[in-house]
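One letter stands for each residue in the lines below.
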Amino acid sequence: MPQLEFRLIGEYVELNQLLKLTGACHSGGAGKMRVAAGEVSVDGHVELRKTCKIRAGQVVRVDDRLILVMAPAP
């Protein structure tokens, strides 16, 4: 399963925007639809909140890829 590291700029990123920024979706709206459809999990649990705040240390799974969310650079 491919893994991608995503480094935060601030304290968190909304789930639908994370999907867009990592290329899992072409837009934030498409990300919202995938989340609503139950196609995305956070830390091993299906997440249905489209704008859920994703913070450093969390792992998002969509399709066959894992997105590891990293803390902002010092």
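Up top is the structure these notes are about.
Rules behind the numbers
In every chain, residue numbers begin from 1 and rise along the written sequence. With the structure being a predicted model, the display of local features is reserved for residues of pLDDT at least 70 and the display and counting of side-chain atom pairs for 80 or more, all residues being used for whole-chain, interface and lining totals. As a convention, hydrogens and water are excluded, and side-chain values are obtained from all of the structure's heavy atoms. Only DSSP runs of H or I reaching four residues or more are called helices, and only runs of E reaching two or more are called strands; each is numbered from the N terminus. Note on method: radius of gyration uses C-alpha positions; expected globular size equals 2.2 Å times residues raised to 0.38. A 1.4 Å probe rolled over the protein chains alone gives each residue an accessible area, and that area as a share of the maximum for its type sets the label: buried under 20%, exposed over 50%, partly exposed in between. Working rule for contacts: check all heavy atoms of both residues, and any pair within 4.5 Å makes them a contact. In short, Shrake-Rupley with a 1.4 Å probe defines the accessible areas, and a residue's cover is counted only from the protein chains shown. Under the convention used here, Asp and Glu are negative, Lys and Arg are positive, and both His and the chain ends fall outside the count. One atom stands in for each charge, and that atom is NZ of Lys, CZ of Arg, CG of Asp or CD of Glu.

In terms of regular secondary structure, the protein chain is built from 2 helices and 7 strands. If you list the helices and strands of the protein chain from N to C, you get β-β-α-α-β-β-β-β-β. Radius of gyration (C-alpha) of the protein chain: 11 Å, near the 11 Å computed for a compact globule of 74 residues. Taking the principal axes of the C-alpha coordinates as reference, the protein chain spans close to 35 × 25 × 20 Å. Within the protein chain, the fraction of its 74 residues that count as buried is 38%. Contacts in the protein chain between residues at least 24 apart in sequence constitute 51% of all its contacts with a sequence separation of at least 6. Of the accessible surface of the protein chain, which amounts to about 4,400 Å², a share of 53% is contributed by carbon and sulfur atoms. Measuring between centres, the 10 positive side-chain charges of the protein chain sit 5 Å from its 8 negative side-chain charges.

So yeah, pure geometry; function would need other evidence.
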